[in-house]
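# Chains, contacts and geometry: an overview
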Amino acid sequence: MQKVTPFLMFQGQAEEAMNLYTSLIEDSEITSITRYGANQPGDEGSVMQASFSLKGQEFMCIDSNIKHDFSFTPSFSIFLTCDSEQEIDELYEKLIDGGAPLMPLGDYGFSQKFGWINDKYGVSWQLNLPIN
C-alpha cells in the first residue's frame, strides 16, 4: 500500500468547495484538477478528479457523473484544531454559511469551545479550541 487519502464525492460543486476550503485554512492548496471534456460521461468542465491539501492533509474529490440518492454523512468529519477563539469563531461562521449546526459553538466541557456543522455541500466539520 502506498498511502491512504480521504475522498469526497460532490454532485457538481467540487471545485467551488475546494476553493472555499483552501481559502479558509492557511497552508492549503488545490494541487491538481482533471476535468471532463466534451463527449465524456461527466458534464464538460466538471471535476473528473482533483486533489487538494488542507494544512498538509491531502484529499481527493470528484463531481460524480452519476446522480446518487445519498450525500455526505456526519459520521465522517474533518476535525480542525484551532489556535484561538477568533479563529474558531471565524471558521465556524464561514463554514456554516448555507449549512446546518450539529452542535452549535459552545463549551461542552471537553474543550474551551467546540462546534460541529455540516457545510452547504454536506461535508461535516468539527471545530475545536482545546483547553490550554
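Before going into details, it helps to say that this report is about the structure given with it. Since the structure is predicted, the reported quantities are computational estimates derived from the model, not experimental observations.

So, on to the sheet that holds strand S8 (residues 124-129). Taken together, four strands build an open sheet; the order of strands is S5-S8-S7-S6 and the sheet is mixed. The open sheet has two edge strands, strand S5 (77-81) and strand S6 (100-106), and neither has a second partner. Here the strands of the sheet are splayed against their neighbours by 10 degrees on average, with no regard to which way each runs. In this sheet, S8 lies alongside S5 in parallel orientation, the contact comprising five bridges. Of the residues in S8, the one forming a bridge with Leu80 is Leu127.

Let's shift gears to the nonpolar core. Among the nonpolar cores identified, the biggest contains 28 residues, and Phe10, Tyr21 and Trp125 are the most heavily contacted of them. Mapped by element, the contributors of at least two residues to this core are strand S1 (7-10), helix H1 (14-24), strand S3 (47-54), strand S4 (57-63), S5, helix H2 (85-96) and S8. The residues that make up this core include at least three from each of domain 1 (7-63) and domain 2 (78-130). Sequence-distant contacts of Tyr21, defined by excluding residues within four places in its chain, comprise Phe10, Phe52, Leu54, Leu95, Asp119, Tyr121, Val123 and Trp125.

What follows deals with the packing of aromatic side chains. Tallied over the entire structure, the rule returns nine aromatic pairs. Relative to Phe52, the ring of Tyr21 has its centre 6.4 Å away and its plane inclined at 40 degrees; by these criteria the two rings are tilted. Separated by 31 residues along the polypeptide, Tyr21 in helix H1 and Phe52 in strand S3 bring together distant segments of the chain. The exposure classification of Tyr21 matches that of Phe52, with both residues buried. Ring-pair connections join several aromatic residues into one group, and the members of that group are Phe10, Tyr21, Phe52, Phe59, Phe72, Tyr121 and Trp125.

Scoring rules and cut-offs
Residues numbered from 1 in each chain as written. Predicted model: local features only at pLDDT ≥ 70, side-chain atom pairs only at ≥ 80, totals over all residues. Heavy atoms only, no water. Pairing = 2+ DSSP bridges. Helix = DSSP H or I, 4+ residues; strand = E, 2+ residues; numbered from the N terminus. Axes fitted to C-alpha atoms, helices over the stretch in contact; angles between N-to-C directions. Core = buried A, V, L, I, M, F, W, Y, C linked by side-chain atoms within 4.5 Å. Buried < 20%, exposed > 50% of the residue type's maximum accessible area, 1.4 Å probe, protein only. Domains from an automatic or database assignment. Contact = heavy atoms within 4.5 Å. Phe/Tyr/Trp six-rings, centres within 6.5 Å; stacked < 30°, edge-to-face > 60°.

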